[in-house]
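Residue-level structure breakdown
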Amino acid sequence: MSEVRLAAESRTEFGKGAARRTRRAGKIPAVLYGHGTDPQHLSLPSLEFARVLREHGTNAVLSLDLDGKNELALTKTVVTHPIKNYIEHVDLLVVKRGEKVTIDVHLVVTGTTASGTLVTQELTELQVEADALNIPEQIELSIEGATAGTQIHASDITLPEGTSLIADPETLILRVNEAQTADTGSEAGAEEATEGAEA
């Protein structure tokens, strides 16, 4: 994943009123913290940041131009207004080149299972550790030809090079079940009725 450049500005005003003024100016209040540094209060351009989230997700590495300096950061938390759906606040985490970070990466299931089966996916994201500047955008999981009874756990997933599993290896990701049809349902009901009559 490539770095995304964003212009950021330091904030000197704090509190709800200041945050509202920041948002009215087309910016998002944010806090940058990590690596033992004091939290830095800043603002991000609303439209540009929303576009980064849309195109790259929260695992995009932000290259922030801040007061003439360059800071690398990951999006840690995005607070969205529950009704109006605009971004109210963002927490950013300072990262350094060569540093390993723990993140949740989206799982993309590909392929088609055997006929007459149904897939139940338990998790859509997998927690992994990766280089801060080499975070996979997604992890693919092929279920091509999988038959009923197949279970895939976190340890079964092939991870991109340089990425290691943080989630519990025994975590169930998905299972392939036999699809219930009207016929099997009526057959089961007939068997139960017969057993009841015999008793």
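Details of the structure are given in the entry above.
Conventions used here
Residues numbered from 1 in each chain as written. Predicted model: local features only at pLDDT ≥ 70, side-chain atom pairs only at ≥ 80, totals over all residues. Heavy atoms only, no water. Helix = DSSP H or I, 4+ residues; strand = E, 2+ residues; numbered from the N terminus. Buried < 20%, exposed > 50% of the residue type's maximum accessible area, 1.4 Å probe, protein only. Contact = heavy atoms within 4.5 Å. Areas by Shrake-Rupley, 256 points an atom, 1.4 Å probe, with all protein chains shown as cover. Pairing = 2+ DSSP bridges. Axes fitted to C-alpha atoms, helices over the stretch in contact; angles between N-to-C directions. Salt bridge = Lys/Arg side-chain N within 4 Å of Asp/Glu carboxyl O.

**What to know about the overall build of the protein chain**
The helix and strand inventory of the protein chain stands at three helices and 13 strands. In the protein chain, buried positions account for 32% of the 199 residues. Residue pairs in contact within the protein chain that sit at least 24 positions apart in sequence constitute 64% of those at least 6 positions apart. About 11,700 Å² of surface is accessible on the protein chain, with carbon and sulfur atoms providing 47% of the total.

**Overview of unusual backbone geometry**
Of note in this structure, Asp67 is not a glycine but carries a positive phi near 50°. Along the chain, Asp67 turns up in the loop between strand 4 (61-66) and strand 5 (69-80). On the basis of relative accessibility, which here comes to 55%, the residue Asp67 falls in the exposed class. The residue Asn85 is not glycine, and still its phi comes out positive at about 65°. Topologically, Asn85 is positioned in the loop between strand 5 and strand 6 (87-94).

**So, the side chain of Thr163**
Relative to the helices and strands, Thr163 resides in the loop between strand 11 (151-153) and strand 12 (164-165). Judged by relative accessible area, which is 11%, Thr163 ranks as buried. Leave out the neighbours within four places in its chain, and Thr163 touches Val128, Glu129, Ala130 and Pro136.

**Observations concerning the sheet that holds strand 10 (residues 138-142)**
Read from one edge to the other, the open sheet built from four strands follows the order 10-7-9-12, with strand pairing classed as mixed. In this open sheet, the two edge strands, each paired with only one partner strand, are strand 10 and strand 12. In the sheet, strand 9 (residues 125-131) pairs with strand 12 via two bridges, with the strands oriented antiparallel. Its bridge partner lying in strand 12, Glu129 is registered against Ser164.

**Observations concerning the sheet that holds strand 3 (residues 37-45)**
Taken in spatial order, the six strands close into a barrel running 1-3-2-6-5-4, and their pairing is mixed. Averaged over all pairs of adjacent strands, the angle between strand axes in this sheet comes to 45°, irrespective of strand direction. The pairing of strand 2 (residues 27-34) with strand 6 spans four bridges and is classified as parallel. Across the sheet, residue Tyr33 finds its bridge partner in strand 6, namely Leu93. Seen against the sheet, helix 1 (residues 16-24) touches strand 2, strand 3 and strand 6 and runs at an angle of roughly 120° to strand 2.

**So, the environment of Glu170**
Here Glu170 shows up in the loop between strand 12 and strand 13 (172-178). We classify Glu170 as exposed; its relative accessible area is 58%. Between the alpha carbons of Glu170 and His153 there is a distance of 5.7 Å; along the sequence they are 17 residues apart.

**With respect to the pattern of salt bridges**
Side-chain pairs of opposite charge can arise where the charged atoms are in close proximity. As enumerated under the stated definition, the model contains two salt bridges in all. Taking the shortest distance from any N to any O, the salt bridge between Arg5 and Asp65 comes out at 2.9 Å. With Arg5 in strand 1 (residues 3-10) and Asp65 in strand 4, the pair connects residues that are 60 residues apart, well separated along the chain. Exposure remark for Arg5: the relative accessible area of 57% places this residue in the exposed category. For Asp65, a relative accessible area of 31% translates into the label partly exposed.

**Remarks on the pairing of strand 4**
With five of six residues buried, strand 4 lies mostly within the body of the structure. Sheet topology note: the strand 1/strand 4 ladder contains six bridges and is parallel. Opposite Leu6, over in strand 4, you have Leu64 as the bridge partner. As paired strands, strand 4 and strand 5 are joined by six bridges and run antiparallel to one another. Pairing of Val61 across the sheet is with Leu74, part of strand 5.

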